[in-house]
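Residue-level listing of the chains:
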Amino acid sequence: MKRKKLRRAEDLFFTWVMRACLMTAAVVLGLILFVIFWRGIGALSWEMVSQPPSGGFYLSQGGGGVFHAIVGSLYLAAGATLLASLIAVPVVLYIHVYSPNGRLANNLRLALDIMWGIPSIVYGAFGFALMIYLGMRASLLAGIITLALVVLPILARTFDEVVSMAPRHLHETTFSLGSTRLEFLGVLLRQTVPGLLTAVLLAFGRGIGDAASVLFTAGFTNNMPEGLLRPVASLPLAVFFQLGTPFPEVQARAYASALILTVIILTISILAQLSISRLGRHVIR
Amino acid sequence: MQPLSIRKLNVWYGKQQALKDITVDIPYHQITAIIGPSGCGKSTLLKSFNRLLDLNEQVRINGQILFDGENIYAPGVDVTDIRTRIGLLAQKPFPLPMSIYDNVAYGPRIHGLANGNLSQIVTAQLQAVGLWDEVKERLKDPATGLSGGQQQRLCLARTLAVQPEVLLCDESTASLDPISARGIEELLRGFKDKYTLVLVTHDIDQARRLADYVIFMWLGELVEHGPARRFFEQPQQELTQAYLAREIG
Ligand SMILES: Nc1ncnc2c1ncn2[C@@H]1O[C@H](COP(=O)(O)OP(=O)(O)OP(=O)(O)O)[C@@H](O)[C@H]1O
Ligand SMILES: [Mg+2]
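All of these numbers come straight from a predicted model, not from anything done at the bench.

Right, let's get into the site of ligand 1. Residues and elements named next belong to chain B. Near ligand 1 lie 14 residues; those nearest to it are Ser38, Gly39, Lys42, Ser43 and Thr44. Between ligand 1 and the protein, one listed contact pairs an oxygen atom with a side-chain N or O atom of Gln16 at 3.2 Å. Contacts to ligand 1 include Asn56, whose side-chain N or O atom sits 3.2 Å from a nitrogen atom. Computed on the free molecule, ligand 1 has an accessible area of 630 Å², of which 65% lies beneath the protein chains in the complex. Put simply, the parts of the chain that give the shell around ligand 1 at least two residues each are β2 (16-26) and α1 (42-49).

Here we take up the interface of chain B and chain A. Taken together, the contact between chain B and chain A spans 27 residues of the former and 24 residues of the latter. The junction of chain B with chain A conceals about 2,200 Å² of combined surface from both sides, 66% of it contributed by carbon and sulfur atoms. At the junction of chain B and chain A, the tally comes to one salt bridge. Close ionic contact of Lys47 of chain B with Glu172 of chain A constitutes a salt bridge, the shortest N to O distance being 3.4 Å. Linking chain B to chain A there are five residue pairs in polar contact (both at pLDDT 80 or more). Looking at the side of chain B that touches chain A, the elements that each hand over two or more residues are α2 (79-85), β6 (86-89), α3 (100-111) and α6 (148-160) of chain B. Among the residues forming the side of chain B that touches chain A, the class breakdown is 13 nonpolar, seven polar and seven charged.

This brings us to the pattern of salt bridges. Here the structure, examined in full by the defined rule, presents 20 salt bridges over all chains. In this structure, Asp68 of chain B and Arg85 of chain B form a salt bridge, with 3.2 Å as the shortest nitrogen-oxygen distance. Of this pair, Asp68 of chain B sits in the loop between β4 (59-67) and β5 (70-71) while Arg85 of chain B sits in helix α2, and the two are 17 residues apart along the sequence. Overall, Asp68 of chain B belongs to the partly exposed group, its relative accessible area being 40%. For the salt bridge of Asp205 of chain B with Arg246 of chain B, the shortest nitrogen-to-oxygen distance reads 3.2 Å. Of the two residues, Asp205 of chain B is situated in helix α8 (residues 204-210) and Arg246 of chain B in the segment after α10 (238-244); the sequence distance between them amounts to 41 residues. Residue Arg246 of chain B is classed as exposed on the basis of its relative accessible area of 52%. Salt bridges sharing common partners tie together Arg109, Asp113, Arg157, Asp160 and Glu161 of chain A.

Residues and elements named next belong to chain B. Across chain B, the average pLDDT comes to 93, with 99% of residues at 70 or higher. No element of chain B has a lower mean pLDDT than helix α7 (residues 178-190), which averages 91, and none a higher one than strand β3 (residues 31-35), which averages 97. Here the complex is predicted with pTM 0.86, and the ipTM for its interfaces comes to 0.93.

For the rest of this paragraph, the subject is helix α3 (residues 67-98) of chain A. Every α-helix winds through 3.6 residues per turn, so residues three or four apart in the chain are directed the same way. Counted at 1.5 Å a residue, the expected span for α3 of chain A with its 32 residues is 46 Å, and the 46 Å between its end C-alpha atoms agrees. The sharpest bend along α3 of chain A reaches about 25 degrees and sits at Ser85 of chain A.

Residue and element names in this part refer to chain B. Strand order in the open sheet formed by four strands is β2-β1-β4-β5, and the pairing between neighbours is antiparallel. Edge positions in the open sheet fall to β2 and β5, since each of these has one partner strand only. In terms of strand pairing, β4 meets β5 through two bridges, oriented antiparallel. Of the residues in β5, the one forming a bridge with Phe67 is Glu70. Those strands touched by α1 are β1 (4-13), β2 and β4, and its axis lies near 120 degrees from that of β1.

What counts as what
- Residues numbered from 1 in each chain as written.
- Chains lettered and ligands numbered in written order.
- Predicted model: local features only at pLDDT ≥ 70, side-chain atom pairs only at ≥ 80, totals over all residues.
- Heavy atoms only, no water.
- Near = heavy atom within 4 Å.
- Polar contact = N/O pair within 3.5 Å; in protein donor to acceptor, adjacent residues only side chain to side chain.
- Areas by Shrake-Rupley, 256 points an atom, 1.4 Å probe, with all protein chains shown as cover.
- Helix = DSSP H or I, 4+ residues; strand = E, 2+ residues; numbered from the N terminus.
- Contact = heavy atoms within 4.5 Å.
- Buried area = accessible area lost by both parts, 1.4 Å probe.
- Salt bridge = Lys/Arg side-chain N within 4 Å of Asp/Glu carboxyl O.
- Nonpolar A, V, L, I, M, F, W, Y, C, P; charged D, E, K, R; others polar.
- Buried < 20%, exposed > 50% of the residue type's maximum accessible area, 1.4 Å probe, protein only.
- pLDDT = per-residue confidence, 0-100.
- Expected span 1.5 Å × (residues − 1).
- Bend = angle between axes of the 7 residues up to and from the residue.
- Pairing = 2+ DSSP bridges.
- Axes fitted to C-alpha atoms, helices over the stretch in contact; angles between N-to-C directions.

Put into C-alpha cells, the structure is as follows:
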C-alpha cells in the first residue's frame, strides 16, 4: 500500500520535472523570438526586404535595405547544401549498401564526427588559406565551398543515422526479389527520403546562419550578388556589421535583419514538415 | 527431376556451425516441409537455397547446391538470377516502401518482364492471391495500410510476379491470425502444380496438412527425410518419433 503511494508520488514528481524542463525550453525560445521581433519590427519595412543598401546605410541617415544579403545568404546556403548533398548522399548510401559496419564506414563516421566538432571559424581560415593559395578573391564560390565543409558532417551523419534506422528486412526483402545493389539503393532511398529532407534542412538552417565561415571567404558587399566569382553579402554578416555601428537606428536594422533570417528558417521548416508528411506516406515504420 | 539437390552443405556463422553436412533432394512440384525445434537451422537451410545467406558477412558456406544441375555456389554464378528464379516469402509480411500497386510491379519492372502490360500482371497476381477485390479501389495507397494477412498476401503476389520456379516460405503464416494463416495455406496448396515449394514450419500439424515431403532437422543436422506419409506414419529415427510425439523440442 505504502509502496503504491510512493510510486504514484514519484510518477507525479517526475511528470512535473519534465513539464518544468519543457516550459524552460519553450520560454527561452519564446524570449529570443520576442526580443528579435520587438526590437526589429520597428525598422522592418518593405524597403528593408526589397532593396539593397543605398549610400550611408550604415550611418543613421542611409536608405535602402538588406535584399542583397537575403539573396546572398540564400545562394550561399543553397549552394553549400547542394554541394554537401552531392557528396554526402552517395557516400552514405555507398557505405550502407556495400559495408555498413566495415572499417571504412567506421573511420568515415569518426572523421565526420570530428569535422562536426570543428568551429566554423577554422573552416573560414582554411578556406581563406586555400583561396590565397589558388589566387582566388573572396567570392560566392569560395563561400559556398567553405560553407559546404561546415554543413557536410551535419548532413552526412544525420542521413547516416536515418539510413541506419531503416528496417533490416528491407535489405533481405529487396534482395530476395532479385534486385541488384543499385536497385536496392533506390528502394533504400525511397524509405529514407523524408529523413534525408530533414538532414538537408538541418544543414541549410545551419548554413544560412553561419557568419564565421563566410567572413573571409565570401566577403561582404553592398551590391546584389553579381556572379560566382564576385563577393556576396550575407544576412549574418549584415547583422554583425549593423550591430557594430554606434547608431541606434542602424542597430534596430540589425534586429530587423535577424528577424528576416528567422522568418526564412521558419518558413523553410514549415514547408519541409508539409513535404515530409507527403513524402513519408509509403515509409515502413 | 530434382530442381534442388543439396550436397554436403556446411554453414557457419562466425565460428558457430549452423548446418552440418546436409545432403538431401527437394522433389519437383511438391510441397516440402522443413521441421524441427527453434534454432535447429531451418531458416539457415532455406536461405542457403537462394543465396540470401550471402548478405550476412559473417557467414561461411561450403558444399554444393545444385539447381537444375548447376552449382549455385560455383564462382561466377549470377546471384540475382538465382534469387529471381527462387523466390522467398518471409515470416513477417514486409511491404516495400511504396504503394500496393508498386509493390507487385517492383519485380516485373526491375526484371523487364512487363512488356507494356504491367497493370495486367499486377491485376493477375493480386487475383491469384485473392487480394484483388479488397484492394482494387486503392492501388495507389501505401501498402502499410493493409492488415497483416492482407500484407502477407501482397508479399506473396510480389514474389510470384517475379515468376519464380521455386517458392521458399519461412514460417510465413506464423505471425498471422488463424483465418489469414489458413488462407495462405490454401493458396500454397493450390500452387503445387506451378511451383516447387519449400516451407519452414515449427507447427507439426501444418506440416501434416500441407507437406508431400518432410525434412526433419535437429541441432544443425538432418535427422530424417522422406515422403510425408512414411515420415509421419513410420518415422525411422528415435529422435523423430520423440519429436512427433512432442516429447522433445
Ligand atoms: N545472423 C546470425 N548470426 C549468428 N548466428 C545466427 C544467425 N542466424 C542464426 N544463427 C544461429 O544459427 C542457428 C540456426 O538458426 P536458424 O535461424 O536457422 O534456426 P531456425 O531453425 O530457423 O529457428 P527458428 O525456428 O527459431 O526460426 C542458431 O543457433 C542461431 O543462433
Ligand atoms: Mg527461423
